[in-house]
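# What the coordinates show
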Amino acid sequence: MFQLKLYQERTLGILARYFQECIRLGNADIAFYQVTQEIWGKGIPYTPVEALPGIPYVCLRVPTGGGKTIIGCNSIAITAQELLHVEHALVLWLVPSNAIREQTLKALKNREHPYHQSLLNSVGDFQALDIKEALYLQRSTLDTETTIIVSTMQAFRVEDTEGRKVYEESGSLQSHFVDLSEEIKQGLECYENGQPIASLANVLKSRRPLVVVDEAHNARTGLSFETLARFSPSCIIEFTATPDTKTNPSNVLYSVSAAELKADQMIKMPILLETKSQWKELLSDAIACRSQLEIQARIERQHSSEYLRPIMLIQAQPNRKDRETLNFEFVKQCLLDDFRIPADQIAIATGSQNELEELDLSLSTCPVRFIITVQALREGWDCPFAYILCSVAETQSSRAVEQLLGRIMRLPQAKNKKQKDLNKAYAFVTGSFHDIAESLETSLIQNGFQRQEAKEIISRLPSSQTSFSWDEPQVILDSVSLGIEEKPTFDNLPQNILKRIFYDEERKIFTFQGVMEHEDLSKIQQCFTKQESKDKIVEIYKASQQLKTEGNSQFPSDSNEVFSIPVLSIKQGDFFEQFEETHFREILWKLSDCDFSLTESEYPSKPDSGKQAEVDITDQGKIQIQFLSQLHQQMQFIGSDSNWDIPSLINWIDMKIPHPDITPQESGLFISKVIRWLLDERGFSISELAHEKYRLKNAVSKKIDVHRQNSFKKAYQSVLFDNPVDVVVDPNLCFSYDPENYPCNRLYQGSYLFKKHYYKSVGDLKDHGEEFECAQYLDTHPNIKYWVRNLERQPSFSFWLQTSTDKFYPDFVCQLHDGRYLVVEYKGSDRWSNDDSKEKRDIGGLWEERSKGKCLFIMPNGKDFNAIGQKM
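Summary of the structure given here. (Residues numbered from 1 in each chain as written. Predicted model: local features only at pLDDT ≥ 70, side-chain atom pairs only at ≥ 80, totals over all residues. Heavy atoms only, no water.)

### Considerations on the overall build of the protein
If you tally the helices and strands in the protein, you get 30 helices and 27 strands. Relative to a compact globule of 872 residues, whose C-alpha radius of gyration would be 29 Å, the protein shows 31 Å and is just as compact. Expressed along its principal axes, the backbone C-alpha trace of the protein runs to roughly 95 × 75 × 50 Å. Long-range contacts, defined here as pairs at least 24 residues apart, represent 73% of the contacts in the protein between residues at least 6 apart. Put simply, the protein shows about 39500 Å² of open surface, and 47% of that area lies on carbon and sulfur atoms. If the 98 positive side-chain charges of the protein are averaged to one point and the 122 negative ones to another, these points end up 2 Å apart. (Helix = DSSP H or I, 4+ residues; strand = E, 2+ residues; numbered from the N terminus. Rg over C-alpha atoms; globule rule 2.2 N^0.38 Å. Contact = heavy atoms within 4.5 Å. Areas by Shrake-Rupley, 256 points an atom, 1.4 Å probe, with all protein chains shown as cover. Lys, Arg positive; Asp, Glu negative; His and termini not counted. Charge placed at Lys NZ, Arg CZ, Asp CG, Glu CD.)

### So, the sheet that holds strand β16 (residues 479-483)
Spatial ordering of the open sheet is given by β15-β16-β18-β17, a layout of four strands whose pairing is antiparallel. The open sheet is flanked by β15 (474-476) and β17 (501-504), the only strands paired with a single partner. The mean angle between the axes of side-by-side strands here comes to 20°, regardless of whether they run parallel or antiparallel. When β15 meets β16, the two strands line up antiparallel, connected through three bridges. Within the sheet, the bridge partner assigned to Val475 lies in β16 and is Val480. Packing of helix α20 (residues 531-544) onto the sheet brings it into contact with β15, β16 and β18 (509-513), and relative to β16 it is tilted by some 155°. (Pairing = 2+ DSSP bridges. Axes fitted to C-alpha atoms, helices over the stretch in contact; angles between N-to-C directions.)

### Some points on the pattern of salt bridges
In this structure the tally under the stated criterion is 35 salt bridges. In this structure, Lys109 and Glu133 form a salt bridge, with 3.1 Å as the shortest nitrogen-oxygen distance. With a gap of 24 residues between them, Lys109 in helix α4 (residues 98-109) and Glu133 in helix α6 (residues 131-134) connect regions that are remote in the sequence. Judged by relative accessible area, which is 41%, Lys109 ranks as partly exposed. (Salt bridge = Lys/Arg side-chain N within 4 Å of Asp/Glu carboxyl O. Buried < 20%, exposed > 50% of the residue type's maximum accessible area, 1.4 Å probe, protein only.)

### A closer look at the nonpolar core
Counting residues in each nonpolar core, the largest one holds 156 residues, and the members touching the most others are Tyr18, Leu200 and Tyr426. Those residues in contact with Tyr18, other than ones at most four positions away along the chain, are Ala28, Ala31, Phe32, Val35, Tyr46, Pro56, Tyr57, Val58 and Leu253. Formed by 61 residues, the second largest nonpolar core is a distinct cluster that contains Leu598, Ile671, Tyr786 and Met859. (Core = buried A, V, L, I, M, F, W, Y, C linked by side-chain atoms within 4.5 Å.)

### A look at the environment of Gln278
Here Gln278 shows up in the loop between β8 (271-276) and α13 (279-304). You can call Gln278 partly exposed: its relative accessible area is 47%. C-alpha separation for the pair Gln278 and Asn651, spaced 373 residues apart in sequence, amounts to 72 Å.

Bear in mind that shape data such as this cannot, by itself, settle questions of function.
This is the structure in structure tokens:
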């Protein structure tokens, strides 16, 4: 089953949180400010759209390669459950072009595709239709299944032929307008006799569709807003890499960073850039780079069985009437004549000639290794095998470079390769390095990356040979290759050396990865019988010394310095396990024995929207409250709350609340007691409870969670403090920071330059305030060797300690010069004494105490930085 990446789950979690706040506050504007304040520490004002007053209209910013569509698929169930409170939603999925529409529809309908499987797991049975199919949509389908209509925005405009059909009467749609309530009829397009027109537009309007907008920056115009308003959407979610920030600014609820994509193995990073003024020299280097990557791909296949065939995209110049250019025919002939590239390895993809149309580039039988294009590849084209962009185009073609750069960034199988050079992308462009680097940075920003991280993604490719020949050692990327006629015998070679060697029998090329040590040299020479071959190994040895790290990097992570810190662990015999929730949450507890009463404060007799309406008295606020309350009334008219009884309501609530730690018997008994108490003690009827079943479900879920947390706290206290098991802090079990991955969401952008941070970048830190001052104090303290701004909710990339409720990620982790470790959790004076801070001090203190002086923990009270110094 397809598994979402951590950043995708986090993005969807924030969307769910926003919808929950919309329901709680009755206001999309205030909910947006509230949630962005929780995320960034500073609320972002909501920008309403005049044509769509009151509607939750938000944007999720995901860079190229981040899987916007899979997030969009999963957002449907979240919207239906958390905002609309319906079982089946009608979704209008808008894309920027017909090419993307066809691809999206094909994927949604393909039962083997992750998009289809994801929807099936989250919403159950569903249908994906185009507009022509939707014109015959049956009412029974909308009543029983989630329905997704995939279209372009243009197809809904009246001046479009297909668009006119959307607004015209259709006999096939008559059933949708039988026995409609007056509340739903209001606002529909009607004939003079008051009868609604049986059009697809009216079907959409009556069902209040969720609108998903792919590449939303193309759809934020006054005309688009007016078009959307015709269908009375319940909610609009934009997915784009580049939201509009000026003309009609998007309400960006959450932005995914490049570092998050890299850590979750979605994209190739960094992009290594080489620039030259001579295009043939540049092309020669690019071809050599591709050849070396193919060797590494074969080594990768030996270790993992994954097939890879690195492909180079070559951007040629367009034809000109007034002069000759490096057009696609000229570049192809150059590949054939000057570089002896076989014709079947070259494909042309231009507006007039597209040889990719019938090709499946992922097949091992496909020979294509070079694709020559001019302006850009067709929209939606995707091939993770594309590793190298070589552009000999003129500078005017920067827009095409933008698009092509995005084509080489996706990581095959969304999984890091053991051969590290296969986790990077490569760009070869004619021109000066400074100018091209700036242009590529702009291109990355156009692909959805933040400006500062775009600067860090581009790195200079180490110098390579300008005249390419296997007769002399080729130092390319992290390897050295040389032609050797004699086939080596590896029978007696140690495994640690063997895994770094590859011999291409067909081309008779010997490749060694990394720096060859002197003791490796003689062992490898013994694999050959001829002195000529042994001499060539000496040449490879000498050439590999160029790859040695110069050791002049300012930041420890750049030189792969190990930063490991002991964790709090449970010792079981000779084995250590990091202490986590499974060590105390597996203790049995009985939900059915817990308090089952839902008081007025826990489940109000009436929703809170009336109370909120009194507080928010602005015209805009009244519109928003009216929108959300009317929306739920209309959605309830569409659905049916009839034929509910106690068992069916118990079962429905039980199915909607995830509880893997509670048996169905326990949960069913508890929910039964809750419902019967509400009926007997508070006088609700079963129809009233069924009518508000989503609100009731949320109240029951919170009640269960309170009991769960109380049970966990008791078990946690017992395991760690009352009857302590063998809890230790031992160097046998450490957490190690990954020198190549630091998945911060936002980069520090202040003027102060930190000198001792383990990574070049400092993540998720403001450029002012008390936490920033604390970081400055650590950065300048003489006892500290280096430190890390520890990232929240990144269990694979951050140090954490388990509390009774979740994982605790301290703010700063430091390596001291004397070999000890210091962990600092900053807390403002206003929060230092609360229960959460006390529990964190307790677990931090236990970690320090069990380390026997090796580890230190401090939570200064506000700006008492001297306490940190005294701790050391």
